[in-house]
Amino acid sequence: MGENESSVPSPSQQDKKMAYHKVNADKRAQGHSPYLDNDELQATALELEWDMEKELEEPSFDHFRLDGAVQHHLGNSQSPDLDLEPIQPSSSPKGRFQRLQEDPDYVLHYTRQTPKSNRCSFFQILKVFCTAFILFIFGIVIGYYARKKCPSPPPSQEPNNPHIYHEILKEIKAEHIQQIYRDLLQFPREDDVDVAMKILFQWRSQGLEDVRLVNYSVLLDLPGSSSNTVTLKTSGECFYPSGQQCNKETKTLHSQDLLYSYAAYSAKGTLEAELVDVQYGTVADLIRIQAITNVTKKIALLKLGQSPLLYKLSLLEDAGFGGVLLYVDPCDLPKTTDLADKAFMVSLNGGGDPSTPGYASIDGSYRQNQLNLTTLLVQPISAVLAKKLVSLPEDTVQKDRCIPLQWPAAGKKISLTIQSVTTYKTISNVIGYLKGTVFPDRYVIIGSHHNSLNTYSGQEWASSTAIITAFIQALALKVKKGWRPDRTIVFCSWGGTSFGNIGSYEWAEDLKRVLQRNVVAYVSLHNPVRGNSTLHPVASPSLQQLAAESQSFNCVEKTRCPGSNVSSVQIQGDSDYFINHLGVPAMQFSYEDIKTSENSSFLSEALFPIHTTKTEELDSSFSLHETIAKLTGQVTLQIANEPVLPFNALDIALEVQNSLKGDEVDIPQLLAVASRLRDTAELFQSDEMRPANDPKERAPIRVRMLNDVLQSLEKSFLIDRAPPGLYRNILYRLDERTSQFSVLLEALEHCKLHQSNETIQAALSEVLNSIKSAQVYFKAGLDVFETTLAGKK
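All values derive from a computational prediction rather than experimental measurement.

To continue, consider helix α27 (residues 742-754). In this model α27 runs 18 Å from its N-terminal to its C-terminal C-alpha over 13 residues, within 8% of the 18 Å that 1.5 Å per residue would give. Considered for burial, the residues of α27 that qualify are Ser742, Val743, Leu744, Leu745, Glu746 and Ala747.

Here it is, written out as structure tokens:
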């Protein structure tokens, strides 16, 4: 009994025990303990709850705390964390637990949470902090390197105006051009590809970023292992083309000059025949000769000049000649030039790779068998040799004046041996791009050429390449400051020019569709300094006004202003394809010597061996080079940057009317359509060219439409067929002596030779259709503008 009494807990202990059971019962009720599924246990729990409520109403319970619960919160980590606050006594008849559930703070303070300890919370917070810190540092590192590698945005685009042009052009200096020129001459005599690579590296070093090398495998006609020869049958004397007698000593001393005195793409073999003097090979000369002798299979002694070589050779071939000896009459050369004892090189190739006529020489192209472009054996010789072959009397040469060479029609019998070799070689073009910002799909092309033909035309290519390189250098300095042209400028150094403009033809044929749509002008630097007497500007009719204005602009700082007349005449060089196949307006500035006779035209077709000091003798200070560079740069910048292309439509119509003047061509129908062309051009010039002078009129769509019309003005004047050597673009005359359309003049001459008017009728039809097409084109442009403006209103 005593043991039982001693085991009975005291009232205080009983109270604590009851509270403990009550809290745990509540805990099990909230946790849906499986033990509460038993009815007996549930009833016991309810009884305990009622007893607890009764006890809570006693005043002596004011300071009751669940000490066991507090201790549990502090030390027990194996049971759910209750985190209970001190329970205040309640006077509510509803009881403690119901009141807590109605209290809005009940959920916040007394709902069950996920089990966690202070230690776990600390480590989780530390983990989140470390992760955020690492990501922050990582972001800083990425941002630093991204900013370091990404280029900064370019400075604001500077406006294009004459002041900007002046800043660019003032960087072109004679001493810079001279230094570049001398550097180019240090190149060893290497293949075309090697020279092109060095030009490419030079352009890149000057600051032109986008420069490419474009190669083509083409058919070239090169000298054989020994020189061609001319032998007098009567005496047996053998001569090299220069006039020197055939012997080992002469061959050793002048081997390169002898080898490269030939006509590329001539027929090969040996021909023994009588020599016949045909002078300049005109239609009148042929009529006179054929009235005297039979010319079949004979060898013509032909002077270079007066008209294109290919045209004269076609006449001789049609007449039945078997061979031709070419020479230059000293009376046609400038007085300062002494080339009487020099032979030269010519090309009989009208343009491009002869094995792929009309299409590009790319991999997989069909190669035609075009070893010879003529049936004639053609050989250039010196004037000295020409005199020896006909035994010219000494008294025909006078010191006070030059007497043109002339001898009996029938001369001596000679033997001509031609042994050049055709082979496939790689030629290279260097193409550089300075991309435009406003019209990047419109190209202004400026072209020079490089040459690896030993001493032949060697200094001329260095002059043109030095000028274009100096221009690139001046532009690059402005580009570094944020400036760029509105239209893309394309810089080209062509290969294979001496063999018939092969590099430019192949590149243009390769990209023909793109160039037809995108090229707006071609500026030529072909042999810019071949004399030092006069400036000779040549331009398409639509660019003549710009060429004249550029001379005035560049003469402000000069003591003597050139003030030369601008003409539209045929020129040599790589502009050929762009003028005659794409109808692109073209322009060229060059210095020449004063022509001594009216027969001096087309003498530039001959490539004479040039001494290494010849160019510096012509222009010792390189001031002429500087003038050409600035004139070329001026027109290039204006075409590339003016909002409206600086082309003159009315000048084309005036040129057409001037070309129809004279008694030779007096066809009322031609004159009438030419008059309508002028009327339409005047309306176009006055009405639609307002945006060129008034910035308020320069709505983008109108400017774009206007420029599209202007850049295609000359395409209407390309005829389908033209005689060999004559331009397909009929806007260009043969030379300054003639004012009529060259195709009409040639047709009239052909009519005299063959006693037929069929050719003249065909030529008249070609000209009529061209003028009519141009007039319709202008009219269509006006209609489009009127429709657009009416729609906007």
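Our focus in this paragraph is a nonpolar patch on the surface. A cluster of nonpolar side chains, contributed by Leu126, Phe129, Phe133, Ile134, Phe136, Ile137 and Ile140, occupies part of the molecular surface with about 720 Å² of accessible area. Within the fold, Leu126 resides in helix α7 (residues 118-149).

Now for the state of the cysteines. For the structure shown, the criterion picks out one disulfide. Note that Cys238 is cross-linked by a disulfide to Cys246, the S-S spacing being 2.1 Å. Where Cys238 bonds to Cys246 through sulfur, the torsion about that S-S bond is close to -65°, and the disulfide is left-handed.

Considering the arrangement of structural elements, one finds Ala196 in helix α10 (residues 192-205). Placed 235 residues apart in sequence, Ala196 and Ile431 show a C-alpha to C-alpha distance of 10.0 Å. Setting aside residues up to four positions removed in sequence, Ala196 forms contacts with Leu213, Ser428, Val430 and His450.

The next thing to look at is the packing of helix α24 (residues 668-688) against helix α26 (residues 700-710). Closest axis-to-axis distance for the α24/α26 pair is 13 Å, and the angle between their directions is 150°. Our classification of the angle between α24 and α26 gives roughly antiparallel. The way α24 lies across α26 gives a crossing that is left-handed. For the pair α24 and α26, contact is made by Phe684, Asp687 and Glu688 and by Arg702, Leu706, Val709 and Leu710, respectively. Here the contact of α24 with α26 is built from residues that sort into four nonpolar, no polar and three charged.

This brings us to the sheet that holds strand β11 (residues 421-434). In spatial order, the strands read β1-β11-β13-β12-β14-β16-β15; together these seven strands make up an open sheet with mixed pairing. Each edge of the sheet is formed by a strand with only one pairing partner; in this case those strands are β1 (210-222) and β15 (534-539). Strand after strand, the sheet turns through a mean of 20° between neighbouring axes, direction not considered. Relative to strand β13 (residues 487-494), strand β12 (residues 439-449) runs parallel, the two being bridged by eight bridges. Within β13, the residue paired with Val444 across the bridge is Ile489. The strands that helix α17 (residues 502-510) touches are β1, β11, β12 and β13; relative to β1, the one it contacts most, it runs at about 120°.

Rules and cut-offs
- Residues numbered from 1 in each chain as written.
- Predicted model: local features only at pLDDT ≥ 70, side-chain atom pairs only at ≥ 80, totals over all residues.
- Heavy atoms only, no water.
- Helix = DSSP H or I, 4+ residues; strand = E, 2+ residues; numbered from the N terminus.
- Expected span 1.5 Å × (residues − 1).
- Buried < 20%, exposed > 50% of the residue type's maximum accessible area, 1.4 Å probe, protein only.
- Patch = residues over 30% accessible without salt bridge, like charges linked within 9 Å, V, L, I, M, F, W, Y side chains within 5 Å.
- Areas by Shrake-Rupley, 256 points an atom, 1.4 Å probe, with all protein chains shown as cover.
- Salt bridge = Lys/Arg side-chain N within 4 Å of Asp/Glu carboxyl O.
- Disulfide = S-S within 2.5 Å.
- Contact = heavy atoms within 4.5 Å.
- Axes fitted to C-alpha atoms, helices over the stretch in contact; angles between N-to-C directions.
- Parallel < 35°, antiparallel > 145°, perpendicular 65-115°, else oblique.
- Left-handed = near helix turned anticlockwise from the far one by under 90°.
- Nonpolar A, V, L, I, M, F, W, Y, C, P; charged D, E, K, R; others polar.
- Pairing = 2+ DSSP bridges.

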